[in-house]
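Breakdown of the fold
If you want the building blocks of each chain, they are given just below.
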Amino acid sequence: ADKIRQLTEEIQKLKKERNAIILAHVYQRPEVQEVADIIGDSLELSRKAAATDADVIVFCGVHFMAESAAILSPDKVILLPEENAGCPMADMVTAEELRIKKQQLPEAVVVAYVNTSAEVKAECDICCTSANAVKIVQSIPQDKEIIFIPDKNLGMYVASKTGRPMTLWEGWCNTHDWVTPEEVLRAKEEHPEALVLIHPECRPEVVALADYVSSTTGLIKFARENEAKEYIVGTESGILHQLYKQCPGKEFYLATKRLVCPNMKATTLDKVKRALEIMQPQITVPQEIREKALACLERMLAVK
Ligand code: 13P
Ligand code: SF4
């Protein structure tokens, strides 16, 4: 605890010296969330990255998130404290593979989940996150075909909510896709009063067991405002820190112990401090890719 306190103080000091802002996703370690200026889901973090007037953004998350910040704020220094923190789902689609798919369906609008590389975003028409995916798909003219990449689970959820058939990609999140309906049912037996909160990156069989399906921020808001005292949580374990913080007196049970994203846990306070000291690792995006990927992100941010 002393070490955490000391590192936190050192980071705060460095942050001021560098005029930096620290953004953290809710899947980050509790002590990393605590040192952050802004904690949020992917959508909130992109909005903040676009709006901040800090000179430096320290992104405590995974590579595609820092890349999105670099696309939105080309004049700022974007630091990703753990350079190797990637997203296995984002790696399931490459720009080359997508170009081939687009040739097969040349008229289709391509919707990219924000969990994609900048190079892939540059090939797409509009981005979405789990918080706005339904709205984004609804914003596309009814007569247009849609290719939705890369998360087939989120894609199936959005298709069921909007009634829009979409061509899906064979991609998934290793952390969420591993949750089985049996595990959720077992948790419900153990905690019969609990409501079930599920992230749409889970499989449709798991989503079908949910009392509420939403992005991480949506799930936290639901638990805060609902009268129920107990919840089964079907998303990454880092969310428990915010749930307990924001919902005093309530209990939360992870649907399975395997709900841990190793990439999200790779960022530590030591690495945050080091990144601010040496101003590395920096994430940049080549100009040509940046301009195209920016259009894709801006179209998303313009949908209200
Ligand atoms: P959000 O629900 O916070 O947008 O993020 C899901 C996720 O898996 C990010 O990697
Ligand atoms: Fe990627 Fe899933 Fe980890 Fe999010 S939780 S970063 S989608 S692997």
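Before reading further, recall that the structure is shown in the block above.
About the criteria used
- Residues numbered from 1 in each chain as written.
- Chains lettered and ligands numbered in written order.
- Predicted model: local features only at pLDDT ≥ 70, side-chain atom pairs only at ≥ 80, totals over all residues.
- Heavy atoms only, no water.
- Helix = DSSP H or I, 4+ residues; strand = E, 2+ residues; numbered from the N terminus.
- Buried < 20%, exposed > 50% of the residue type's maximum accessible area, 1.4 Å probe, protein only.
- Arc of directions from axis to C-beta.
- Contact = heavy atoms within 4.5 Å.

As a further point, take unusual backbone geometry. Across the junction of isoleucine 149 and proline 150, the peptide omega takes the value -20°, indicating a cis bond. Structurally, proline 150 can be placed in the loop between strand E7 (146–149) and helix H8 (152–162). Here glutamine 280 and proline 281 are connected by a cis peptide whose omega angle stands at -10°. Note on placement: proline 281 falls in the loop between helix H14 (269–278) and helix H15 (287–302). Not every positive phi belongs to a glycine, and asparagine 19 is a case in point at roughly 50°. When you line up the elements, asparagine 19 lands in the loop between helix H1 (2–18) and strand E1 (20–25). Asparagine 19 sits in the partly exposed class, given a relative accessible area of 36%. Phi is positive for methionine 279, close to 55°, though the residue is something other than glycine. Within the element layout of this structure, methionine 279 appears in the loop between H14 and H15.

A separate point is H14. Residues of H14 that are buried: Leu269, Val272, Ala275 and Leu276. Axial view of H14: buried residues confined to an arc of 125°, hence all on one face. Turning to H14, the residues buried within the fold contact H1, E1, helix H2 (30–35), strand E3 (56–60) and strand E4 (77–79). Methionine 279 occupies a position one or two residues after H14 and carries a positive phi of about 55°.

The quantities given are spatial measurements derived from coordinates; they are silent on function.
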